[in-house]
Amino acid sequence: MTASQLFFTRHPVLPGFTLSFGLSVLFIGLVILLPLSALFLYTSDLGWQEYWSIVSNPRVVATYRITLAAAFWASLINAALGLLLAWVLVRYRFPGRRLMDSLVDLPFALPTAVAGITLSTLFASNGWLGQGFDWFGIKIAYAFPGIVIAMSFTSLPFVVRAVQPVLEDLGPEYEEAAHTLGATQGQAFRHVVLPHLRPALLTGTALAFIRSLGEFGAVIFIAGNLPFETEITSLMIFVRLQEYDYPAATAIASVVLLASLVLLFGVQWLQGRYLTRLRGG
Amino acid sequence: MKMVNPEMMSQRTQARQAEGAMTEKAKMSARDVKVFYGDTQAIKGIDLDIMENEVIAFIGPSGCGKSTFLRTLNRMNDTIDGCRVEGQVTLDGRDIYDPSLDVVLLRAQVGMVFQKPNPFPKSIYDNVAYGPKLHGLARGRGDLDDIVESSLRRAGLWEEVKDRLDKPGTGLSGGQQQRLCIARAIAVSPEVILMDEPCSALDPIATAKVEELIDELSNQYSIAIVTHSMQQAARVSDRTAYFHLGELIEVNNTEKVFTQPDHDLTEAYITGRFG
């Protein structure tokens, strides 16, 4: 009997495999598959030609470009900041560490609209931080950098929470081993620590990227939402909805969805490959 | 607590003395070494010599300072914030805490093997080649190949891994990983090897292999090994040092320490009255 066959005959802690499995499938179905299929159902009302003209409309294409670029920069910032935060939380013991650790999740807990309003107030050209940048002639709120900041704010926890457990497992003896072989601090980090963290860092950054692609609440308050300049794809969906153009809204949404799914599976595949390689497969 | 068979130990030391493997020259000397972590003193003035080509075991209850002392010998305590070392440690007569001394070169001379096998997330080949590359020990690829092969041979791992040098070191078994870490340490041609409980994460068979390896390596290197297993200390070492609460209580021939210890504390420890 193979391991998987054995698994199904074993008595589980939760009563009834049929019941628990059935409920899980039902839940996944309700939460994920139902809206997904509804989305495609709506879109299928459109012919290919119509669909294509909606999703390749120049204004819509501009939103793809802006969203992708902003999400790219946001996830890059998050990769660096998230790694630093995780490092500080794991490697140092200081008063307020637990508080800091729980604050990392704040962007998840905070309504994104609140984040958006706060950030736009801060970074507006008369806001606390915006004033300083304005003095140098840098416009953040109601411009592209504002989108990047909003996106990186809401997706930072992904990187921290992905890297943190791996870093906790790693322990300082790997760097010490590198030091005993003649590595400087920088070399130990680049040659030993970073390669260990790479899969987790990649997953976290990719999740942050995917999340940023779909970010709505935080961005619309700070972006200014100028067509062709600071309009993001999720706002485009909203705009179409407000015009009561449901098929167009769902068509654009389906593009976002497809991109997210492809990225998600791509990340899983990459990670799986990396792990089998590490285990000597 | 099983008592160690005294005959076994005397045979080992006798055999090694007959081979002329052991000399009476000190490789490293510690004089009045004190270590502080912030305000707490972890090591309270230790004098100890490590002879050429000897295996010296550091034993003692947890927190006795044996690992801390081991780490002063290649300045690994430097990497810990708030750690301060006083006193003198010399390698071949040269003070290793001399500010003008290059720590990187010191660590090449005094290698280290850690408690948990910790191969880098690189191929088996690159794990061993890592040190030699950093130190620029190899002129060209062929040279590096030779270093990798001879290090793996000396670590008794060559036959097991020669067909998969490009596979990651993390894919090996625990015991193989630890021998890979030993190969990695000897690849930079050290003179002293420090081992911090190298077998504590290994099963008995893997432990036996590593102990065998220690025995072979002692013909070329001075080895200081921290261990929690008294049987292991008895099996592998020529001399044993007993540490207690940051002090060196006694150091003597392993046989003597385990059969007629000079100090009551040592006797209490080896007979298992505290651990």
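Described below are features of the structure shown in this document. (Residues numbered from 1 in each chain as written. Chains lettered and ligands numbered in written order. Predicted model: local features only at pLDDT ≥ 70, side-chain atom pairs only at ≥ 80, totals over all residues. Heavy atoms only, no water.)

Moving on, we get to the packing of helix α10 (residues 173-180) of chain A against helix α11 (residues 185-214) of chain A. Residues and elements named next belong to chain A. At a closest axis distance of 9 Å, the pairing of α10 and α11 adopts a crossing angle of 135°. By the criterion of interaxial angle, the relationship of α10 to α11 is oblique. Of the two possible hands of crossing, α10 and α11 adopt the one that is right-handed. Touching Y174, E175, A178 and H179 of α10 are Q185, A188, V192, V193 and H196, all from α11. Among the residues making up the contact of α10 with α11, the classes are represented as five nonpolar, three polar and one charged. (Axes fitted to C-alpha atoms, helices over the stretch in contact; angles between N-to-C directions. Helix = DSSP H or I, 4+ residues; strand = E, 2+ residues; numbered from the N terminus. Parallel < 35°, antiparallel > 145°, perpendicular 65-115°, else oblique. Left-handed = near helix turned anticlockwise from the far one by under 90°. Contact = heavy atoms within 4.5 Å. Nonpolar A, V, L, I, M, F, W, Y, C, P; charged D, E, K, R; others polar.)

Another point: the sheet that holds strand β3 (residues 55-59) of chain B. All names here are of chain B. Overall, mixed pairing links the six strands, which are arranged β6-β7-β8-β3-β9-β10 in an open sheet. Only two strands of the sheet have a single partner each, and these edge strands are β6 (110-113) and β10 (247-253). This sheet shows a mean twist of 20° between the axes of neighbouring strands, independent of strand direction. Relative to β10, strand β9 (residues 239-244) runs antiparallel, the two sharing six bridges. Paired with H244 across the bridge in β10 is E247. Along the sheet, helix α7 (residues 174-186) contacts β6 and β7 (192-196); its crossing angle with β6, the most-contacted strand, is approximately 170°. (Pairing = 2+ DSSP bridges.)

Looking now at the packing of α7 of chain B against helix α8 (residues 204-217) of chain B. Residue and element names in this part refer to chain B. Where α7 contacts α8, the axes come no closer than 9 Å and their chain directions differ by 20°. By the angle between their directions, the pair α7 and α8 is classed as roughly parallel. For the pair α7 and α8, the crossing hand works out as right-handed. Residues G175, R179, I182 and I186 of α7 lie in contact with α8, whose contacting residues are A206, K209, V210, L213 and L217.

Residue and element names in this part refer to chain B. Mapped onto the elements, E250 comes out in strand β10. No salt bridge is formed by the buried E250. Its closest oppositely charged neighbour is K256, at 5.4 Å. Looking at E250, its side chain comes within polar contact range of the main-chain nitrogen of D262, at 3.0 Å. For E250, the side chain forms a polar contact with the main-chain nitrogen of H263, separated by 2.9 Å. Ignoring sequence-local partners within four residues, the contact set of E250 consists of T240, A241, Y242, V257, P261, D262, H263 and T266. (Buried < 20%, exposed > 50% of the residue type's maximum accessible area, 1.4 Å probe, protein only. Lys, Arg positive; Asp, Glu negative; His and termini not counted. Salt bridge = Lys/Arg side-chain N within 4 Å of Asp/Glu carboxyl O. Polar contact = N/O pair within 3.5 Å; in protein donor to acceptor, adjacent residues only side chain to side chain.)

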